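# A look at the structure
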Amino acid sequence: MRIDLHTHSTASDGTDTPEELIRNASATGLDVVALTDHDTVGGHAKAVKALREGLERPLTLVTGAELSCRLNGISLHMLAYLFDPQEPELFRERELVRDDRVPRAKAIVEKLRQRGVPVNWDQVARIAGDGAVGRPHIATALMEKGLVGSIGEAFTPEWIGPGGPAYVEKHELDPFEAIRLVKHAGGVTVFAHPAAVKRGVTVSDDIIAELAARGLDGIEVDHMDHDAPTRARMRTIAAELGLLPTGSSDYHGSRKTCRLGEHTTDPEVYEEIVSRATGAAPLSSAAGRV
Ligand code: AMP
Ligand code: FE
Ligand code: FE
Ligand code: ZN
């Protein structure tokens, strides 16, 4: 079983449409894929449609989202799986975070423009389409203009990285509140890339312990932004705190270098996530192509 529990589509900052993501996941040999766009479930319906149309290889879809959170000024990402997308409290919070992405992205563009950088909102809006707009779309705009050579280069303080003059915060959830809301909606939470230092400041191990005490289900251990010693340390922390250790690609299509299934989750861990969820069940593809 090959299980990838963290991917993005054009519903946020990935470049595959949800349909393409489903077909690519099947074609690449995955058995289970979770669609976890930033702060939105906007890609779920299209992903389900692609699943229902039938695939060469059977595939199971885990519906989810990656919720933007902040604690003591530190950004963190909370993966939420198999929650009820209609549950009103979590629905509202997702909307608040997602909606604030627009004025925030406009503010970043304005700050760049004030510094003489020739990007504009129309360009960023075109790149984001109907996806939840984020810094990767602005990074793509900078690349289109030939100002940076890669998406990664845009995430330095000189451009739109944290701590830089063009960085603007967005409304984000308190992670303890996120855990409560997701549970209330019948879902399961996994702290995404908890030690990804290249993205900015990360939380202490004590905070991970506090999150665990408040109902966090798991932490992402195997992730491209964790080096080998970090993965070993995260695996130990997970074992000590009784957290489920997951592995996933954090696939963003062509916006990142990682491939679907680059890291995977153990079947037993996956089964435990599914058994804890009451908000939704995984969905399986039709038996074959019709
Ligand atoms: P935002 O939510 O708009 O602040 O953008 C955060 C997203 O930017 C993350 O989900 C990643 O997809 C991407 N990102 C963050 N840091 C980096 C980095 N150092 N290199 C490439 N992409 C990054
Ligand atoms: Fe992203
Ligand atoms: Fe993330
Ligand atoms: Zn992600």
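See the structure printed just above.
To keep things clear, this report deals only with the structure shown in the data block. Remember, predicted model here, so these are calculated numbers, not experimental data.

### Re the site of ligand 1
In the neighbourhood of ligand 1, 15 residues make up the surrounding shell, with H38, R101, R104, R135 and H252 lying closest. At 3.2 Å from an oxygen atom of ligand 1 is found a side-chain nitrogen or oxygen belonging to D13. Between ligand 1 and the protein, one listed contact pairs an oxygen atom with a side-chain N or O atom of R104 at 2.8 Å. For ligand 1, whose free accessible area comes to 500 Å², the fraction covered by protein is 92%. Here ligand 1 occupies the largest pocket. Put simply, the parts of the chain that give the shell around ligand 1 at least two residues each are α3 (88–114) and α5 (135–144).

### Side note on the pairing of strand β3 (residues 60–71)
Judged by how many residues are buried, β3 sits mostly within the fold: eleven of twelve residues are covered. Pairing geometry for β3 and strand β8 (residues 283–284), over two bridges, is antiparallel. Across the sheet, residue T60 finds its bridge partner in β8, namely S284. Across eight bridges, the pairing between β3 and strand β4 (residues 74–81) is antiparallel. When the bridges of β4 are listed, L67 appears paired with M78. Connecting β3 to the next strand, β4, in antiparallel fashion are two residues, including N72 with a positive phi near 50 degrees.

### Observations concerning helix α10 (residues 267–276)
Taken as a whole, α10 has its buried residues at V269, Y270 and I273. Along the axis of α10, the buried residues cluster in a sector spanning 100 degrees; they form a single face. Those residues of α10 that are exposed and aimed more than 90 degrees away from the buried face are E268 and S275. Taken together, the buried residues of α10 touch β1 (3–4), β2 (32–35), β3, β4, β5 (188–192) and β7 (244–247).

### Points about the coordination of the iron ion (ligand 3)
Only E66 (OE), H77 (ND1) and H193 (NE2) from the protein coordinate the iron ion (ligand 3), and they sit 2.0 to 2.2 Å from it. Considered as a linear motif, the donors of the iron ion (ligand 3) on their single chain read E-x10-H-x115-H. Here the iron ion (ligand 2) and the iron ion (ligand 3) are spaced 5.4 Å from one another. A residue pair is termed long-range when its members are at least 10 positions apart, and E66 in strand β3 and H193 in the loop between β5 and α8 (205–213) qualify at 127 residues. Taken as a pair, E66 and H193 share a single burial class, namely buried.

### Observations regarding the coordination of the iron ion (ligand 2)
Within the first shell, the iron ion (ligand 2) binds the protein through D13 (OD), H38 (NE2) and H252 (NE2), at distances of 2.1 to 2.2 Å. Donor residues for the iron ion (ligand 2) sit on one chain with the sequence pattern D-x24-H-x213-H. Given a relative accessible area of 7%, H38 falls into the buried group.

### Regarding the pattern of salt bridges
One side chain can pair with another of opposite charge once the charged atoms of both are near each other. Inspection of every chain in the model, using the stated rule, returns 18 salt bridges. Notably, a salt bridge pairs E272 with R276, separated by 2.8 Å at the nearest N-O pair. Note that E272 and R276 are positioned in helix α10 at a spacing of four residues, about one turn of the helix. With relative accessibility at 30%, the residue E272 sits in the partly exposed group. Shared partners join several salt bridges into a network, and the residues in it are R70, E169, K170 and E172.

### Observations concerning helix α2 (residues 44–52)
Listing the buried residues of α2 in full gives H44, A47, V48, A50 and L51. The buried residues of α2 occupy one face: seen down the axis, they fall within an arc of 160 degrees. Of the surrounding elements, those touching the buried residues of α2 are α1 (18–27), β2, β3 and β8. Taken from the residues just after α2, G54 is the one with a positive phi, measuring 95 degrees.

Analysis parameters
- Residues numbered from 1 in each chain as written.
- Chains lettered and ligands numbered in written order.
- Predicted model: local features only at pLDDT ≥ 70, side-chain atom pairs only at ≥ 80, totals over all residues.
- Heavy atoms only, no water.
- Near = heavy atom within 4 Å.
- Polar contact = N/O pair within 3.5 Å; in protein donor to acceptor, adjacent residues only side chain to side chain.
- Areas by Shrake-Rupley, 256 points an atom, 1.4 Å probe, with all protein chains shown as cover.
- 1 Å grid on protein atoms, 1.4 Å probe; cavity = no way out; pocket = protein on both sides within 12 Å on 5 of 7 lines; lining within 4 Å.
- Sits in = over half its atoms within 2 Å of the grid points.
- Helix = DSSP H or I, 4+ residues; strand = E, 2+ residues; numbered from the N terminus.
- Buried < 20%, exposed > 50% of the residue type's maximum accessible area, 1.4 Å probe, protein only.
- Pairing = 2+ DSSP bridges.
- Arc of directions from axis to C-beta.
- Contact = heavy atoms within 4.5 Å.
- Donors = N, O, S within 2.8 Å, 3.2 Å for Na, K, Ca; no water.
- Salt bridge = Lys/Arg side-chain N within 4 Å of Asp/Glu carboxyl O.

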